[in-house]
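Reading the structure
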Amino acid sequence: MANFSLKGKTALVTGASYGIGFAIASALAEAGATIVFNDLKQAFVDKGLAAYREAGITAHGYVCDVTDEEAVHALVEQIENEVGVIDILVNNAGIIKRIPMHEMSAADFRQVIDVDLNAPFIVAKAVIPSMIRKGAGKIINICSMMSELGRETVSAYAAAKGGLKMLTRNIASEYGEYNIQCNGIGPGYIATPQTAPLREKQPDGSPHPFDAFIISKTPAARWGIPEDLAGPAVFLASEASDFVNGHILYVDGGILAYIGKQP
Ligand code: NAP
Ligand code: GCO
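Before going into details, it helps to say that this report is about the structure given with it. (Residues numbered from 1 in each chain as written. Chains lettered and ligands numbered in written order. Predicted model: local features only at pLDDT ≥ 70, side-chain atom pairs only at ≥ 80, totals over all residues. Heavy atoms only, no water.)

**Considering the site of ligand 1**
Lining the immediate surroundings of ligand 1 are 29 residues, of which Tyr-18, Asp-39, Asn-92, Tyr-157 and Thr-192 lie closest. A distance of 3.1 Å separates a nitrogen atom of ligand 1 from a polar backbone atom of Val-66. Protein coverage of the free-state accessible area of ligand 1, which is 900 Å², stands at 93%. Looking at the shell around ligand 1, its residues break down into 16 nonpolar, 9 polar and 4 charged. (Near = heavy atom within 4 Å. Polar contact = N/O pair within 3.5 Å; in protein donor to acceptor, adjacent residues only side chain to side chain. Areas by Shrake-Rupley, 256 points an atom, 1.4 Å probe, with all protein chains shown as cover. Nonpolar A, V, L, I, M, F, W, Y, C, P; charged D, E, K, R; others polar.)

What follows is the structure, given as structure tokens:
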């Protein structure tokens, strides 16, 4: 039977105080991993630590902006000294700015690319040398439907997540010979703070039009929840996926397979 256990492994999940990162980190912990996470502010790290404790998980939390290469290198060194060499990296931290492209400033575009594409490069680059020395490693990049599809107002995010798909494939190509597997998870539409604006009720109390739209585009006829990503993440973090490399595992309820329900 394939080995799904993460016992004895150290996992860094970026931006995992809540949302998808928190659900993935919790699942990796349940499979036996020691969890390390970061967030931008100590308040969020503290909130995250409390949430992990409540879930019976002893996590290690650090303040670190994943776009700051110097800070990331210092974080990885601190983790290696205080917790252990990082066996599993989940590049989860991300932002989105929903602005029509012709109205979007270059600064806003650059900021989304910085967090959603440059930062996964920075963090992966920081952990790979130790993975090479250790002779094994798992890198999981959190991609998106927008790694494959576009829509109005998300040009920067789609460009970043499309790039992240190819960065995933290139890390897999460049480091597969060191027994490092790099794969992606492409969540569909998941109910988290990031998508809250797309789900909030209208002033008259009616559902957000985007809510019904996503339901019509999803064969599972529901929004995903962060816990839907738990099993796929454990699979890609474990030895069970040692011959899976450069693959984007879409966890989308079938969106990418479906033309959408006739209105
Ligand atoms: P979320 O609720 O907005 O959480 C994002 C997390 O990333 C927060 O903890 C945030 O910290 C952290 N973060 C943002 N910028 C950071 C930085 N520079 N340094 C460190 N941490 C940073 O998002 P989510 O819905 O859980 O999504 C998590 C990942 O899944 C993202 O990469 C997102 O693009 C991707 N994704 C989401 C969906 C979805 O439908 N929700 C679908 C596909 C992919 P703060 O709280 O301090 O800002
Ligand atoms: C949006 C949403 C999506 C989701 C996710 C889909 O505005 O379309 O935020 O981008 O976050 O990336 O996979």
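**Re the pairing of strand S1 (residues 10–14)**
Remark: a regular strand shows side chains that alternate across the two faces of the sheet. With respect to burial, S1 is a largely interior element, 5 of its 5 residues being buried. On S1, burial covers both faces: Thr-10, Leu-12 and Thr-14 on one face and Ala-11 and Val-13 on the other are all buried. Bridge count between S1 and strand S2 (residues 34–39): 5 bridges; the pairing is parallel. Across the sheet, residue Thr-14 finds its bridge partner in S2, namely Asn-38. For the handedness criterion, the β-α-β arrangement of S1, helix H1 (residues 19–30) and S2 is classed as right-handed. Here S1 pairs with strand S4 (residues 88–91) via 3 bridges, running parallel. Of the residues in S4, the one forming a bridge with Val-13 is Val-90. (Buried < 20%, exposed > 50% of the residue type's maximum accessible area, 1.4 Å probe, protein only. Helix = DSSP H or I, 4+ residues; strand = E, 2+ residues; numbered from the N terminus. Pairing = 2+ DSSP bridges. Right-handed = clockwise from strand over helix to strand, strands pointing away.)

**Notes on the sheet that holds S1**
Across the sheet, 7 strands lie side by side as S3-S2-S1-S4-S5-S6-S7; this open sheet has parallel pairing. Each edge of the sheet is formed by a strand with only one pairing partner; in this case those strands are strand S3 (60–63) and strand S7 (248–251). Ignoring which end each strand starts from, the neighbouring axes of this sheet average 20° apart. Set on the sheet, helix H2 (residues 42–54) makes contact with S2 and S3; between it and S2 the angle comes to about 155°. Contacting S1, S2 and S3, helix H3 (residues 69–82) runs over the sheet at an angle of about 155° to S3. (Axes fitted to C-alpha atoms, helices over the stretch in contact; angles between N-to-C directions. Contact = heavy atoms within 4.5 Å.)

**With respect to unusual backbone geometry**
Backbone geometry places Asn-179, a non-glycine residue, at a positive phi of 60°. Here Asn-179 lies in the loop between helix H5 (155–175) and strand S6 (180–187). One non-glycine residue, Ala-221, lies in positive phi territory at about 55°. Given a relative accessible area of 46%, Ala-221 falls into the partly exposed group.

As far as function goes, none of this settles anything; it's purely spatial.
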